[in-house]
Amino acid sequence: MDIDEDEIFNAIMDSYNEESKNFEKESLRSLDFKSVTKFKCFLIGTMISATLLGVLVGYYQCISANGESALELMEGLFTNYRKQYTDFVANKPDYCDSRALLDSRKILKNIRKQNILHQGKALHQLEIALSTENDFNAIAFVGPTGVGKSLILSHLIANFPWPENVHIYAWNTQVKDESEKFHMLRVLIERLSECGCNLLIIENLQPSDHGLVYLVNNLIAEIVNGKKRIIIFYVFSLNWMGDEYLLKEQQEFLTKSLPVAHVINFKSFSKSKIRDCIYREMNCEKITLTPNDIDDIIGTVDVTRTGCKDINSKVLLYGTIKNK
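Taken together, the 5 strands give an open sheet; going across it, the order is S2-S3-S4-S1-S5, and neighbouring strands pair in parallel fashion. Whereas interior strands pair on both sides, the edge strands pair on one side only; in this sheet they are strand S2 (166-170) and strand S5 (262-265). Sheet twist, expressed as the mean angle between neighbouring strand axes with direction ignored, is 15 degrees. Two strands pair when backbone bridges link them, and strand S1 (residues 136-144) and S5 are joined in this way by 4 bridges, in the parallel orientation. Bridge pairing in S5 links Val142 to Asn265. Packing of helix H6 (residues 120-130) onto the sheet brings it into contact with S1, strand S4 (229-238) and S5, and relative to S5 it is tilted by some 165 degrees.

Time to look at the state of the cysteines. Scanning the entire structure with this criterion turns up 2 disulfides. Linked covalently through their sulfurs, Cys96 and Cys195 form a disulfide whose S-S length is 2.0 Å. As the torsion about the S-S bond is roughly -95 degrees, the Cys96-Cys195 disulfide counts as left-handed. Here Cys96, found in the loop between helix H3 (70-90) and helix H4 (98-101), pairs with Cys195, found in the loop between helix H8 (178-190) and strand S3 (197-205); they are 99 residues apart in sequence, far enough to count as distant. Across the pair, exposure class does not vary: Cys96 and Cys195 are buried alike. Each sulfur of the disulfide joining Cys277 and Cys308 lies 1.7 Å from the other. The sign of the 70 degrees torsion about the S-S bond sets the Cys277-Cys308 disulfide as right-handed. Note that Cys277 is positioned in helix H11 (residues 271-285) and Cys308 in the loop between helix H13 (303-306) and helix H14 (311-323), a separation of 31 residues in sequence. The exposure class assigned to Cys277 is buried, which follows from its relative accessible area of 0%. For the chain, the bonded cysteines pair up as 1-2, 3-4 when numbered in the order they occur along the sequence.

Our focus in this paragraph is the pairing of S4. Most of S4 is tucked away, with 10 of its 10 residues classed as buried. Covered by surrounding structure in S4 are Arg229, Ile231, Phe233, Val235 and Ser237 together with Ile230, Ile232, Tyr234, Phe236 and Leu238, the residues of both alternating faces. For the segment spanning S3, helix H9 (residues 210-224) and S4, crossover handedness is right-handed.

The end-to-end C-alpha separation of H8 is 18 Å, in line with the 18 Å expected for 13 residues at 1.5 Å each. Looking at H8, one finds that the buried residues are Lys181, Leu185, Leu188 and Ile189. Taken around the axis of H8, the buried residues stretch over an arc of 95 degrees, which confines them to a single face. Residues of H8 that are buried in the fold lie against S2, S3 and H9.

Calculation criteria
Residues numbered from 1 in each chain as written. Predicted model: local features only at pLDDT ≥ 70, side-chain atom pairs only at ≥ 80, totals over all residues. Heavy atoms only, no water. Pairing = 2+ DSSP bridges. Helix = DSSP H or I, 4+ residues; strand = E, 2+ residues; numbered from the N terminus. Axes fitted to C-alpha atoms, helices over the stretch in contact; angles between N-to-C directions. Contact = heavy atoms within 4.5 Å. Disulfide = S-S within 2.5 Å. Buried < 20%, exposed > 50% of the residue type's maximum accessible area, 1.4 Å probe, protein only. Right-handed = clockwise from strand over helix to strand, strands pointing away. Expected span 1.5 Å × (residues − 1). Arc of directions from axis to C-beta.

Right, here's the structure in full:
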């Protein structure tokens, strides 16, 4: 029997073409269902590479014209790369432009909606302080415990355009070694971002810690050297023990001695203002208490030590008892 080699060859090629078509179909299905993530990563990588190349070309022209060093070239290159990458990931143009996104009036408008009690002057001073466009903006909160300092800062954090740039450091922690505290703080400052603005809060400070402010300001100047924008809050809690003269004396001392641009003093609370705190928490928690319940809560509060700090838990406790 004669074997037609051409027919065999054609049959093999037809089979190969059919298999190729099937393989292409299977490949497309695999791409649709299994490789979408890799494909997206490839596209993102391509875009980043293109951006990086564009920046490199721009810097090459700059170095040719101005004779910059290779080190300066690379530092500028990667700074721009990080900023453009962050803009892309955040899906916001100019995300790293601190002056474009930091709207102090809008932030304070949102904070005032939270029913901050009896601190209108402090909120006005805060709005002025945040409107400062200096690369380093130091602000001090000074006042007794439970008058709204931490509450305002919590809402400031919630409205801060760069949540990943927020850092809170409690100074009077369990770490007793002062040098270790400074080391931890130094590491934190070294990690501050060059994108957008950084918000650093150092809380739990006492009047005796006033010298720390000078040291931290110098530490920031040494490490950051004007390359990053920082808003730092020093939060001082005063122990006034019901003595208005002692409270005023501490406030005046810190106002004069602290090397910061803005010292914001908070009013102390009396028993009558504690009542306002109870009504606020009742409204927030949707709990109705009788006048006797409210009087009982006021009777358990040491306003000179805790202010309104424990009112929420007491309102919840009385509300739970009434619902049983």
